[in-house]
Amino acid sequence: MFEQLTQLVQQFGKEAVVENNAIPNDNNQAVMNEASSSIISGLKKIVSEGGVEQLAALFQGNNAQDSSNPVVQKLTEQLTGNLGQKFGLSNEVASGVATGMIPKVIGSLVSRAKDTNDSSFQISDIVNAISGGSGQNSNIMDAISKYGSQFGLDQNADGKVDMSDAIDAVTKNRSGIGGLLGKLFGK
């Protein structure tokens, strides 16, 4: 997951970092590496502070690229602070880099994770990277399940979205697990 995230940061970092005269060229790669690690650590921090529902909503909504999204705001603030602290960038420059990258990277990450035809990003990989395979993993999936039942994904009407719903989706309409996950995550 970290490799894919790094690729997105490289893709969207060209304008915000490489073409930014306020960042010395010899710091370009280090700044982009900091962006990647700040996103992962920021998502972990959101989960550890009880923001599981915010994270679940991020993957279900259509505003992942919106700078007013609470998750995007937190990640942007964290990266701004880290760039100022680690590279001595002014708040204005650091904020410009963060706002130029974070919404685009998160928007692309969520979009690709929701795309059933793109196997390079999987929701489960993202959840595992964020939770570190800990008990938070089930909390995140529980939040997704909670929201999923609100979107009509409870195939067997048992009040929760789980593997039984995926099996029911396969047998009822042959859309498969990919179709259920696509429906769950907005595709």
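Read on for a plain summary of the structure. (Residues numbered from 1 in each chain as written. Predicted model: local features only at pLDDT ≥ 70, side-chain atom pairs only at ≥ 80, totals over all residues. Heavy atoms only, no water.)

1. Digging into the overall build of the protein chain
The helix and strand tally for the protein chain stands at nine helices and zero strands. When the helices and strands of the protein chain are listed from N to C terminus, the series reads α-α-α-α-α-α-α-α-α. Taking all 187 residues of the protein chain together, 44% fall into the buried category. Summarising the internal contacts of the protein chain: among those between residues at least 6 apart in sequence, 63% fall at separations of at least 24. Carbon and sulfur atoms provide 47% of the accessible area of the protein chain, an area that totals close to 9,200 Å². (Helix = DSSP H or I, 4+ residues; strand = E, 2+ residues; numbered from the N terminus. Buried < 20%, exposed > 50% of the residue type's maximum accessible area, 1.4 Å probe, protein only. Contact = heavy atoms within 4.5 Å. Areas by Shrake-Rupley, 256 points an atom, 1.4 Å probe, with all protein chains shown as cover.)

2. Digging into the packing of helix α3 (residues 52-60) against helix α4 (residues 70-87)
It is at 9 Å that the axes of α3 and α4 come closest, and there the two elements cross at 110°. By the criterion of interaxial angle, the relationship of α3 to α4 is roughly perpendicular. Of α4, the residues touching α3 (which contributes Q54, L55 and L58) are P70, V71 and K74. For the contact of α3 with α4, the per-class residue count stands at four nonpolar, one polar and one charged. (Axes fitted to C-alpha atoms, helices over the stretch in contact; angles between N-to-C directions. Parallel < 35°, antiparallel > 145°, perpendicular 65-115°, else oblique. Nonpolar A, V, L, I, M, F, W, Y, C, P; charged D, E, K, R; others polar.)

3. Focus on the pattern of salt bridges
All chains considered together, the criterion is met by two salt bridges. Across the salt bridge formed by K86 and E34, the nearest N and O atoms sit 3.0 Å from each other. A residue pair is termed long-range when its members are at least 10 positions apart, and K86 in helix α4 and E34 in helix α2 (residues 28-48) qualify at 52 residues. (Salt bridge = Lys/Arg side-chain N within 4 Å of Asp/Glu carboxyl O.)

4. Notes on the nonpolar core
Grouped together as the largest cluster of nonpolar side chains are 38 residues, with contacts concentrated most on V17, I39, L58, L75 and I106. The set of elements that each furnish at least two residues to this core consists of α1 (2-18), α2, α3, α4 and α5 (91-114). Here the element with the most residues in this core is α5; it accounts for 11 residues. Residues contacting L75, with those up to four places away along its chain left out, are S38, I39, G42, L43, I46, I102 and I106. (Core = buried A, V, L, I, M, F, W, Y, C linked by side-chain atoms within 4.5 Å.)

Limitation: the analysis is restricted to geometry and does not speak to function.
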